[in-house]
Structure formats: structure tokens, C-alpha cells
Amino acid sequence: WFPMGIYLYDHTTDTYGSYDERGTSMDNYTDINSRYITQMYVDICKWANLSTTALEAIETYKTTKATTTEKTVLDYMRGQALFNRALAYWHAQIFFELKPDGWGFPLFDKVENSLNGMKRKRATTADTWAFVVKDLEEAVPLLKGYNDKYRASEWAAKGLLAKVYMQADYINADYKTKAKSLMEDIINNSGKKLATLDVYRDMFYGNS
């Protein structure tokens, strides 16, 4: 469900490929009652909760059964889970944040085992951004040295963190300075470079 909602906002979407309420998103007047939008809220909460489930499972195994070698791998897995939870909340904020001093998202910082526990109230926007920042700041060192292109890396986490710093700079005066430092680090040390326009465009069609 989640990709079926988000792909419509991609700049490559320039043709009509569906004939249900998704068409309104293509025309930039998204119907807030669209099942693709309402389900997106639910799916993001599931994404965050599954990431939290992974974090608790990793910690339980690490403290009860893991060998020394396994603990290194578990730290990497923890970094992946933290990145995923942060990415879920980042999507939540850019889609559903209405105003800086308003309501953000329910924060899943532990696994719930009851229906009532899952019915969490929304945190403030500022608290939601702070939660994302905390996860990413912890994830960065855990992902250092791993370069699997199909998984989050140190540079992916730094890139997302820099973006979050810029988007949430109104809640912390230091965020803009931190974002600048991170972006300089990525530019100077990641070995990455911006794709040319043709390559960038083709990425969205699976040609690169």
C-alpha cells in the first residue's frame, strides 16, 4: 500500500496509469479521504513498529545468547533497524505534519502486546523530529564501514540525518550547523558524486 501512494508524487509520474482515486494525486489535488492516503498512515505506523520489534529482538539476543562475533553483526543489524525506524518517521512527517507546533506521529519506542497499547496518542511535531534525530545519530556509527548497496550505509544515514536537521531546524538552532558539517563530510569523504541528469532520470525506470 505505501508505495502505491508515494509513487504518485514522483516527478516521473506524467501519465495516467490508474482510474481510481489515485488519479487525484497525479493531478496534485490529493483527496484526503483516499484509501491510499489513509492506509499510508497505518502502514508507516506498522513500519515503525516492526523496526522497534527488530530492535528489541536484537537486544534480547545480544544480552542472552550472542557470541562475541555475533555481537558485531548484531550492532550492524541494530543500525539497520534504527535507520528504518527513522526513515518511517521521516516519511510520516513529510506527509502528515501540518504545522511546526502541531501534532507529529505516535512514537513506538517499545513493542506493545495489547490493542490498547497500540492506540498511542500522537507526539508533538518537535518530539517526533527529535526521536528521528536520536535514532539516526545512533545509527551512523553502527553502520560505519558497511557498503552493501542494497542496505543502509553510514552515508545513507548521514544523508538522511542532514535532511532531517534542515527540515527540523526550527526546533534546534544547532541543527543547521550540524547539517552543513554532515553534508561537507558526505561530499568530501563518501566517494559519492551527483548523477548526471540522464542517469538520474533513468534510475526511476530501473535502467541504472
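A brief structural summary.

Conventions and cut-offs
- Throughout, a residue's number is its position along its own chain's written sequence, starting from 1.
- Note on the predicted model: pLDDT of at least 70 is required for a residue's local features to be given, and 80 or more for side-chain atom pairs to be given and counted; whole-chain, interface and lining totals, by contrast, use all residues.
- As a rule here, side-chain values come from all non-hydrogen atoms in the structure, and water together with hydrogens is ignored.
- Think of it this way: any DSSP run of H or I at least four residues long counts as a helix, any run of E at least two long counts as a strand, and we number them from the N terminus.
- A radius of gyration in this sense is built from C-alpha atoms; the matching globule rule multiplies 2.2 Å by the number of residues raised to 0.38.
- The rule is simple: take the accessible area with a 1.4 Å probe, protein chains only, and divide by the maximum for that residue type; under 20% is buried, over 50% is exposed, in between is partly exposed.
- In what follows, a contact means two residues having at least one pair of non-hydrogen atoms within 4.5 Å.
- Computed by Shrake-Rupley with a 1.4 Å probe, the accessible areas treat only the displayed protein chains as cover when residues are assessed.
- All tallies of charge rest on Lys and Arg as positive and Asp and Glu as negative; His and the ends of each chain are not included.
- By convention, charge coordinates are those of NZ in Lys, CZ in Arg, CG in Asp, or CD in Glu.
- To define a nonpolar core, start from buried Ala, Val, Leu, Ile, Met, Phe, Trp, Tyr and Cys residues and group those joined through side-chain atoms within 4.5 Å.
- Patch definition: residues above 30% relative accessible area lacking any salt bridge, with like charges linked at up to 9 Å and the nonpolar side chains Val, Leu, Ile, Met, Phe, Trp and Tyr linked at up to 5 Å.
- Whenever a carboxyl oxygen of Asp or Glu lies within 4 Å of a side-chain nitrogen of Lys or Arg, that contact is scored as a salt bridge.
- Every axis in this analysis is a line fitted to C-alpha atoms, fitted for helices over the stretch in contact. Angles between the N-to-C directions lie between 0 and 180 degrees.
- Roughly parallel covers angles under 35 degrees, roughly antiparallel covers those over 145, roughly perpendicular covers 65 to 115, and oblique covers all other angles.
- Rotating anticlockwise by less than a right angle from the far helix to the near helix defines a left-handed crossing, while the corresponding clockwise rotation defines a right-handed one.
- Here is the rule: rings of Phe, Tyr and Trp (six-membered ring for Trp) pair when centre to centre is within 6.5 Å. Planes less than 30 degrees apart are stacked, more than 60 are edge-to-face, and the remainder are tilted.

Describing the overall build of the protein chain
- Scanning the protein chain from N- to C-terminus turns up nine helices and zero strands.
- Reading the protein chain from its N end, one meets helices and strands in the order α-α-α-α-α-α-α-α-α.
- Computed over its C-alpha atoms, the radius of gyration of the protein chain comes to 19 Å, within 12% of the 17 Å expected for a compact globule of 208 residues.
- By its C-alpha atoms, the protein chain is 55 × 50 × 35 Å across when sized along the principal axes.
- Within the span of the protein chain, comprising 208 residues, buried residues form 39% of the whole.
- Summarising the internal contacts of the protein chain: among those between residues at least 6 apart in sequence, 58% fall at separations of at least 24.
- Entry remark: accessible area of the protein chain is about 12,800 Å², with carbon and sulfur atoms responsible for 56%.
- Here the protein chain contributes 26 positive and 27 negative side-chain charges, whose respective centroids are spaced 4 Å apart.

Re the nonpolar core
- Counting 43 residues, the largest nonpolar core has I44, F83, Y89, L136 and V164 as its most contacted members.
- No other element matches the eleven residues that helix α4 (residues 68-96) contributes to this core.
- Here Y89 is in contact with A48, F105, P106, L107, F108, T128, F131 and V132, once residues within four sequence places are set aside.

A look at a nonpolar patch on the surface
- A surface patch of nonpolar side chains, amounting to about 390 Å² of accessible area, comprises L197, V199, Y200 and M203.
- Structurally, V199 is set in helix α9 (residues 197-203).

Some thoughts on the environment of V73
- Positionally, V73 belongs in helix α4.
- The class of V73 is partly exposed, set by a relative accessible area of 46%.
- Expressed as a C-alpha distance, the spacing of V73 and A156, which sit 83 residues apart in the sequence, is 19 Å.

Examining the packing of α4 against helix α6 (residues 125-143)
- Close contact between α4 and α6 brings their axes to 8 Å; oriented N to C, the two are set at 150°. In terms of axis orientation, α4 runs roughly antiparallel to α6. α6 is crossed by α4, and the crossing has left-handed handedness. Within the contact between the two elements, α4 uses D75, Y76, R78, G79, Q80, L82, F83, R85, A86, Y89, W90 and Q93 and α6 uses T125, T128, W129, F131, V132, D135, L136, E138, A139, L142 and L143.

Let's talk about the packing of aromatic side chains
- Evaluation of the coordinates by the stated rule reveals eight aromatic pairs.
- Aromatic side chains Y41 and F96 sit 5.3 Å apart centroid to centroid with 80° between the ring planes, which places their arrangement in the edge-to-face category. Placement of Y41 in helix α3 (residues 35-64) and of F96 in helix α4 is noted, with a sequence separation of 55 residues between them.
- The class of Y41 is partly exposed, set by a relative accessible area of 23%.
- On the basis of relative accessible area, F96 is assigned to the buried category, the value being 16%.
- On the basis of an interplanar angle of 40° and a centroid distance of 4.4 Å, the ring pair of Y41 and F105 is categorised as tilted. Here F105 lies in the loop between α4 and α5 (115-118) and Y41 lies in helix α3, a separation of 64 residues in the sequence.
- With a relative accessible area of 1%, F105 lands in the buried category.
- An aromatic cluster is present here, built from Y41, Y89, F95, F96, F105 and F131 joined pairwise through their rings.

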